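Chain by chain, the residues:
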Amino acid sequence: MSSTAYQDEVIILKVKDWQTADKYAVCFSRAHGKIPFLAYGARYARTTGGRLIQPFALLDMQLYSGKRLDSMKSCELIAMPQQMDIKQMAYASVIAEVTEALTEAHEPQEDIYELLVGAVQILSRNNPRLVALSAICKLLVLTGFAPVYDACVNCAEAAEGDAFFSVVQGGLICEACHGGEELPFSSGAQKLLQELIALDFNDPQPFTVRGGDLMQLEQILYRFIVYQIDKPLKSLSFLAQLGL
Ligand SMILES: [Zn+2]
């Protein structure tokens, strides 16, 4: 049986060495969703295509669909990733890892592709911590994992002022329902969540953020994601190692 070839624009999320000469990578494509693939011979210096397979590179790629895993036929550069310092790279890795964890292979979702391209583009010009958190808020919405933040998940009372957040129940818990297991979820953090979901990556407008609200929202969302995917996020440990 011959395998079918297809072509798509992709952004690389993750690259690993594979066997002696190959690379295993995961990309998100415009029309085919997430694609894990093998690039045979990509670690040889003479293979141009192999050199281009780098995290956050934008490529025009030809692939063969495989039974278990697709493989790259060839690729051309659309754009190399912007120069990133270690902090920007660490936050970009969080976006990549969360995308990989929340999406299924070969389920097309062009708005996720656009989101990833936009996030990586503005990461180097804006606060990478906020861009990453905003991208994650948007990803949760686009993948259908968005937590409930406008009403109590227990009694459906509309959110008013400071509240709590239940990772297990996936949303806001009001003062009256809260039991002691929940995380604090201040009105400021609730507002920040809405602002980050709405942030326009094509024209990001400045807004003020209180450090406490930001930390609270990060804690809520990262714990919520880890609970949903049932495994730790390696990129978060890396951020912690950097002291970020
Ligand atoms: Zn309640």
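As recorded by an unreviewed UniProt entry, the protein chain carries the name DNA repair protein RecO and is attributed to Phascolarctobacterium faecium. The Function (unreviewed entry) field of the UniProt record for the protein chain holds the comment "Involved in DNA repair and RecF pathway recombination." Its UniProt record gives the protein chain the following Sequence similarities (unreviewed entry) comment, quoted word for word: "Belongs to the RecO family."

**Student:** Please explain the sheet that holds strand S8 (residues 183–185) as it appears in this structure.
**Tutor:** Strand pairing in a sheet relies on backbone hydrogen bonds. The paired strands run either parallel or antiparallel. The strand order S7-S6-S8 describes an open sheet built from three strands, whose pairing is antiparallel. Whereas interior strands pair on both sides, the edge strands pair on one side only; in this sheet they are strand S7 (171–173) and S8. Each strand axis lies, on average, 45° off the axis of its neighbour in the sheet, ignoring direction. Summarising the sheet, strand S6 (residues 163–166) and S8 pair through three bridges and their orientation is antiparallel. In the strand pairing of S8, Phe165 is matched with Leu183. Along the sheet, helix H5 (residues 187–198) contacts S6, S7 and S8; its crossing angle with S8, the most-contacted strand, is approximately 70°.

**Student:** Would you explain the sheet that holds strand S3 (residues 33–39) in this entry?
**Tutor:** Pairing within the closed barrel is mixed, and its five strands lie in the order S1-S2-S3-S5-S4. Across the sheet, the axes of successive neighbouring strands diverge by a mean angle of 50°, strand direction being ignored. Pairing between strand S1 (residues 5–18) and strand S4 (residues 58–64): seven bridges, direction antiparallel. Each residue of the ladder has a partner; that of Ile11, found in S4, is Leu58.

**Student:** I'm lost on the environment of Asp200 in this one. Help?
**Tutor:** Assignment of secondary structure puts Asp200 in the loop between H5 and helix H6 (211–229). A distance of 2.9 Å separates a polar side-chain atom of Asp200 from the backbone nitrogen of Asn202.

Conventions adopted
- Residues numbered from 1 in each chain as written.
- Predicted model: local features only at pLDDT ≥ 70, side-chain atom pairs only at ≥ 80, totals over all residues.
- Heavy atoms only, no water.
- UniProt positions renumbered as here; feature names shortened; annotations may be inferred.
- Pairing = 2+ DSSP bridges.
- Helix = DSSP H or I, 4+ residues; strand = E, 2+ residues; numbered from the N terminus.
- Axes fitted to C-alpha atoms, helices over the stretch in contact; angles between N-to-C directions.
- Contact = heavy atoms within 4.5 Å.
- Polar contact = N/O pair within 3.5 Å; in protein donor to acceptor, adjacent residues only side chain to side chain.

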